[in-house]
Every structure is written in C-alpha cells, then in structure tokens.
Amino acid sequence: MKNLILLLQDKVENAFKECGYNKEYGKVISSNRPDLCEFQCDGALAAAKEYKKAPFIIAEEVVKKCKDCKEFEKIEVIKPGFININISKDFLTEYCNSINDEEKFGCQMEKDKVVVVDYGGPNVAKPLHVGHLRPAIIGESIKRIHRFFENKVIGDVHLGDWGLQMGLVIEELKYRHPDWPYFDENFNGEYPREALFTVSDLEEIYPCASGKTKVNENMTEEEIKNANEFRENARKNTAYLQEKKKGYYDLWKKIVEISVKDLKENYMKLGVDFDLWLGESDSQEYVKPMVEKMKNLGIIYESDGAMVVDVQEPTDTSEINPCMVLKTGGVSCYQTTDLATIMQRQIDFNPSEIIYVVDLRQELHFIQVFRCARKAEIINKDCKLTFLGFGTMNGKDGKPFKTRNGGVMRLENLIDEVNKKVYEKMNETKEMQEEEKLKISKIVGLAALKYADLSNQISKDYIFDIDKFTSIEGKTGPYILYTLVRIKSILNKFYENNSLKEDKILNPVEDIEKELLLKISRYNQVLEESYVENAPSKICTYLYELANIFNSYYQKVKILQGDSKRLDSNIVLLTLMKKIFENGIDLLGFEAPERM
Ligand code: ARG
C-alpha cells in the first residue's frame with residue numbers, strides 16, 4: 001500500500017504533467033504551517049525558474065487541474081506560488097480503514113534480506129556497565145524493526161572473549177591459585193567440573209589484574225619492573241589461549257561459561273535477546289585462511305613485526321593507518337577478530353547487510369576493518385557494511401555518566417535506580433498491592449530508560465536525567481504507556497456491556513478527529529523511514545505526537561457516547577490506535593502494563 005502522501009503526490013504530479021511541466025515539481029510534503037493547511041507543494045516556485053513564468057500562474061494552472069480530485073477537500077494557491085492542500089475526509093477515512101485492514105499498517109515489506117545485527121558487545125569477565133546500555137537498547141530495536149519488514153535478521157552478541165583482558169584474568173588467577181591443575185603442565189586428569197570461582201570473583205579480578213599493569217612516575221624501578229612483567233605474562237597467556245593450549249584454554253572455557261550465564265540473565269532483565277552468542281574466539285579458525293587469502297592477493301605485508309594491509313584511499317582527507325591484521329608473534333587483535341568474523345558471517349549466512357551497533361568512538365576501527373574486508377574479498381561485494389555509531393550517555397555535568405563516587409556504574413544498579421524512581425512516583429498517587437506496584441515499576445522503568453535512549457538520534461550524546469525520563473508528562477516512555485493504558489481501559493469499559501456491530505471508522509466530525517486520523521494515516525510512512533534510516537527515534541517522536549493528539553481528542557470527544565454507529569467507529573479507531581501503540585513500543589523494545 002502506498003503512503004498517503006505519495007498518493008496525494010501522484011495527483012499533483014499528474015497535474016503538473018498535464019499542464020506541460022516536469023512532474024518532478026509535484027512533490028507534496030506535510031505542511032510547514034499546520035494552522036493554514038495539512039499538506040503543501042512548493043514545486044511551482046522552482047518550476048518558475050525553468051519555465052520562465054510567474055510561479056503564481058503555474059500554481060494556478062496546476063490547482064485548476066486538481067479541482068475535481070476526490071482526494072482534496074481544498075487546494076489553493078498562496079502568493080507567491082505555494083499550493084496549500086487539505087485532504088478530503090472521505091479519502092482520509094477510507095485510507096485509515098484500509099490501514100486497519102492491513103496486517104502491517106500497509107507498510108511495503110522488504111522481505112528476504114539477510115541482515116546480521118552485531119550489538120551488545122559485552123566483554124567476558126567484566127560486568128555490564130552503563131556503557132553497554134546503548135548498544136543493547138539500540139541494537140534490539142534495530143533488530144526488531146528489520147524483522148518487522150520481514151527480513152531474516154540475526155542478532156549476534158559478539159562477545160569480547162579473546163583479547164588481552166582474558167590473559168590478564170588468567171594471570172591473576174594463576175598468581176592467586178598457582179596450585180590449580182590448569183597451570184600444571186603435567187596434569188593429565190580431568191579439570192574440575194564445577195567452577196572454582198564465581199562471577200563476583202571475576203568482576204573483582206579483572207580490575208585488580210588490569211591495575212597491576214599500570215605504571216606511573218611515582219613508582220619505584222622494582223614496581224615498574226613488576227608491572228611490565230605482569231603485562232608480559234598476560235600477553236603470553238593470551239597467545240597460549242589463542243593456540244588453545246591445554247589448561248589455559250580449559251580455564252578460559254570455564255570463565256566464559258560463568259560469565260555468559262550472568263550476562264544472559266542481565267540482558268533478559270533488559271528485554272534484550274540474541275540469536276547468536278558467538279564471540280571473538282569463534283572466528284579464530286578463520287584467521288589462517290583469511291591471512292592466506294590476503295597473501296595470495298598480495299595485499300598484506302610485515303611492518304614492525306605485525307602483519308598489515310593498507311587501507312588509505314585517494315579521496316581521504318586525513319591519513320588512515322594500515323589495518324593491523326595480526327600483532328607481533330601472530331597474535332590476534334581486535335581487528336583480526338572483527339575481520340575473521342566478517343569472513344565467518346559471509347560463509348554462514350551470505351548476508352545482504354551487517355549492521356554494527358557500536359560506540360561512535362570506534363568509527364576509525366570500522367573504517368579500517370570494512371576497507372580491509374573488501375580488499376581481501378572476504379565479503380560479498382553486494383553486502384552492505386553499516387557502522388551505526390552511537391553517542392555517549394552523559395551525566396548532568398556533560399561527562400560520561402558515573403556513579404556518585406566517580407566510578408563506572410553497573411548496568412544493574414542503573415536499572416534499579418530507575419525502577420526505584422518510578423516506584424516512588426507511583427507511591428505518591430496510587431493505592432496498589434505492593435507486589436503489583438513492584439512489577440509495574442519494573443515495566444515502566446524499562447520503558448522510561450529505553451524510550452529516553454531511543455528518542456535521541458543514535459549518533460548524538462545525551463544526558464541521563466532520571467527525573468525527566470520517569471516523568472509521566474512530556475516526551476517520555478511513561479507518558480506513552482500512560483496513554484496506551486488509558487486507551488486500553490476505555491476499550492475494556494466498552495466491552496464490559498457492549499459488542500461491536502460495525503467494523504469501520506466513520507468520517508471525522510470534530511477537527512481534532514481529523515487531526516487524529518491524519519496522524520494515524522502517517523504511521524506506515526514513519527515505520528518505513530525508521531527502517532530505511534535505522535532511526536527508532538522517528539517512532540518515538542511519532543508515538544509522542546500521536547499520544548498528544550489522542551489526549552486532546554479524549555478531552556474533547558465523548559468517546560463512549562453517541563449513536564451506536566458513531567460509538568462503534570470510535571471503538572474501531574481506538575482499537576487501531578492501541579495496535580499502533582503496541583506495535584510501536586514493541587519495535588522500541590518494551591511493553592505496557594495493564595494499568596499504572
Ligand atoms: N567488546 C567491544 C568493546 O567493549 C565491543 C564490540 C563491538 N562489536 C564489534 N564487532 N567489534 O569495545
């Protein structure tokens with residue numbers, strides 16, 4: 001089904017053509033002055049230049065041709081040559097009714113594209129912190145939006161499980177427990193089935209190990225020597241691990257197992273899930289054939305012990321360093337695993353697109369990796385590689401969000417804080433059972449967090465403002481939920497004593513009803529745009545505007561009154577709105593409570 005605006009445009013374009021002008025001038029847009037009209041076409045102004053005629057004359061000719069179109073209630077020329085349009089009620093109502101009949105609001109389906117969404121990117125042995133919030137929330141929404149358009153979408157968490165941090169954790173474990181069989185070269189038995197450590201142990205061990213490698217000018221020579229030694233050992237462990245050396249590899253598997261179990265629980269709380277729990281390590285088997293391929297193509301060479309590929313392009317305005325494919329000693333680094341993972345995905349899925357939802361600060365890394373992948377021909381030429389870089393969530397001081405004492409805040413704690421805030425606000429107003437209140441505050445809290453995040457443009461930084469996010473007023477998740485809950489309760493009230501006899505929306509009577517229908521008629525276009533542009537923020541804005549219009553409509557129109565035809569029409573309209581809100585929030589990754 002075509003977007004409403006395109007249907008209107010068809011008519012205006014046709015009129016331009018019939019008057020002997022290029023039809024491209026018939027572009028129709030939403031009105032810049034909603035107080036004057038609903039849609040407008042400014043094409044006559046541009047056409048005037050080409051045809052050396054007054055814009056007003058061209059516009060008059062075009063408008064005359066449109067006078068009998070059933071789509072327009074009003075079409076008129078405003079000096080110097082704007083065409084102002086109001087849509088006819090019949091046509092608008094008919095369009096909304098067909099949206100209601102369509103399974104997916106009349107969106108044009110893409111179908112059959114294979115899209116890998118790489119998001120989450122947590123690191124093994126490190127707890128999720130606020131920095132992991134955005135990739136999880138954005139990635140989940142992007143995945144759902146692409147799935148809505150009937151593509152085959154594969155969400156992959158892409159665990160960080162293969163880098164130096166693993167070598168560091170192993171080194172610290174070795175220091176604390178030199179007696180563990182993992183470190184005994186001669187051990188031939190079975191390694192312990194139960195883990196000898198917990199996830200909390202790991203969370204304490206990583207920062208401790210990482211701290212041991214830090215040097216500063218106040219340190220003694222001895223201390224510096226120790227730090228360097230610790231780092232060197234960690235590097236060696238990483239190399240052992242990548243060779244899958246016995247003991248080291250087994251210990252690593254345990255670390256991953258314990259960590260992943262915890263990560264899964266945490267992502268579940270966020271309403272985020274992945275189809276694949278692969279990690280950097282899973283690409284290891286592709287490293288060798290990949291490097292072989294690069295050698296055959298003659299694009300890889302040695303530089304300071306490392307193996308690199310040039311990725312500078314003539315049009316670059318700044319220098320792009322060669323992409324490091326292997327570190328000294330053949331050790332895999334961040335680029336290695338990302339490249340090998342591309343090869344792996346090509347072989348496993350032959351994707352049409354891979355979307356990376358990663359911190360904007362990693363842009364250069366992805367420029368290098370994408371160029372290198374293309375040069376090495378490890379990815380199909382037609383496969384689109386998209387870097388969807390997100391901005392930082394900042395505190396009120398404009399710096400990356402921290403805990404009160406300046407540390408990195410754990411994601412769990414952040415979520416708890418938001419839920420607590422919502423709970424407190426509910427306490428002020430509602431009498432409700434404790435248990436239900438807790439349950440609802442979790443649902444609303446998550447909506448507050450996700451909506452606040454997604455309503456920003458992905459690449460922009462934003463400020464974490466818990467009071468604002470959890471407010472029931474303004475452009476917030478709770479406001480959207482509140483509106484949906486209101487709609488649901490009206491519908492429930494209706495169905496208590498009535499049933500529906502008609503299934504059509506009638507022509508609007510009040511202006512606010514027409515405004516509501518106009519908004520509803522735009523939903524498919526908003527979805528298509530948010531899909532094409534990877535922009536969940538468009539859905540956020542749309543839902544907010546729809547909620548505003550609905551709430552005015554609710555003030556003005558006696559929804560549950562009127563003759564039975566009108567009443568049924570109101571109910572059909574509300575049901576359609578409920579469907580839109582539920583679909584919208586589902587695409588954003590949250591849900592609504594029954595009441596709040
Ligand atoms: N683990 C990485 C980090 O913490 C993020 C991974 C992003 N995805 C990727 N394919 N590189 O920075």
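The structure we're discussing is the one just above.
Rules used throughout
Residues numbered from 1 in each chain as written. Predicted model: local features only at pLDDT ≥ 70, side-chain atom pairs only at ≥ 80, totals over all residues. Heavy atoms only, no water. Buried < 20%, exposed > 50% of the residue type's maximum accessible area, 1.4 Å probe, protein only. Helix = DSSP H or I, 4+ residues; strand = E, 2+ residues; numbered from the N terminus. Arc of directions from axis to C-beta. Contact = heavy atoms within 4.5 Å. Pairing = 2+ DSSP bridges. Axes fitted to C-alpha atoms, helices over the stretch in contact; angles between N-to-C directions. Parallel < 35°, antiparallel > 145°, perpendicular 65-115°, else oblique.

> Teacher, can you tell me more about helix 2 (residues 43-51) here?
Residues spaced three or four apart along an α-helix face the same direction, because each turn holds 3.6 residues. Those residues of helix 2 that sit buried are Gly43, Ala44, Ala47 and Ala48. End-on, the buried residues of helix 2 take up no more than an arc of 140 degrees, which puts them together on one face. Of the surrounding secondary structure, the elements contacted by the buried residues of helix 2 are helix 1 (4-18), strand 2 (39-41) and helix 3 (55-66). Once helix 2 ends, the next one or two residues include Lys52, with phi positive near 50 degrees.

> Whenever I open this one, helix 18 (residues 523-532) confuses me. Can you help?
Among the 10 residues in helix 18, 8 count as buried, and that is most of the element. Looking at the buried positions of helix 18, the neighbouring elements they touch are helix 1, helix 4 (89-101), helix 5 (133-148), helix 17 (511-521), helix 19 (536-556) and helix 20 (564-588).

> Mind showing me how you'd approach the environment of Glu313 here?
Take Glu313: it is sitting in the loop between strand 8 (306-309) and strand 9 (323-326). Considered as a pair, Glu313 and Arg371 are 58 residues apart in the sequence and their alpha carbons are 9.2 Å apart.

> I would appreciate a short explanation of the sheet that holds strand 2 in the present structure.
Within a sheet, adjacent strands bond to each other through the backbone by hydrogen bonds, running parallel or antiparallel. Ordered by their spatial adjacency, 4 strands build an open sheet running 1-2-4-3, and the pairing between neighbours is antiparallel. Edge positions in the sheet fall to strand 1 (29-30) and strand 3 (72-78), since each of these pairs with one other strand and no more. Where helix 1 meets the sheet, its contacts fall on strand 1, strand 2, strand 3 and strand 4 (82-87), and the angle it forms with strand 2 comes to roughly 35 degrees. Helix 3 rests against strand 3 and strand 4 of the sheet, and its axis sits at about 165 degrees to strand 3.

> Sorry, what's going on with the packing of helix 14 (residues 434-454) against helix 16 (residues 477-497) here?
Helix packing for two helices is described by the angle between their axes and how far apart those axes are. At a minimum axis separation of 7 Å, helix 14 and helix 16 run at an interaxial angle of 125 degrees. The angle between helix 14 and helix 16 falls in the class oblique. Residues Ile443, Val444, Ala447, Ala448 and Tyr451 of helix 14 pack against Gly477, Pro478, Ile480 and Leu481 of helix 16.

> How should the sheet that holds strand 9 be read in this particular structure?
With antiparallel pairing, the 3 strands of this open sheet are ordered in space as 7-8-9. Of all the strands in the sheet, just strand 7 (300-303) and strand 9 have a single pairing partner and so form its edges. Adjacent strand axes in the sheet meet at a mean angle of 45 degrees when their direction is disregarded. As paired elements, strand 8 and strand 9 share 3 bridges and run antiparallel to each other. Residue pairing for strand 9: Met307 is matched across the bridge by Leu326. Docked against the sheet, helix 10 (residues 284-297) engages strand 7, strand 8 and strand 9, running at close to 125 degrees with respect to strand 9.

> What exactly am I supposed to notice about the environment of Asn151 here?
As for its placement among the helices and strands, Asn151 is situated in the loop between helix 5 and strand 6 (152-156). A residue is classified by how much of its surface remains accessible, and Asn151, at 6% relative accessible area, is buried. For the pair Asn151 and Gly271, spaced 120 residues apart in sequence, the C-alpha to C-alpha distance is 21 Å. With near-sequence residues (within four places) excluded, Asn151 lies in contact with Glu110, Lys111, Asp112, Lys113, Val115, His146 and Tyr531.

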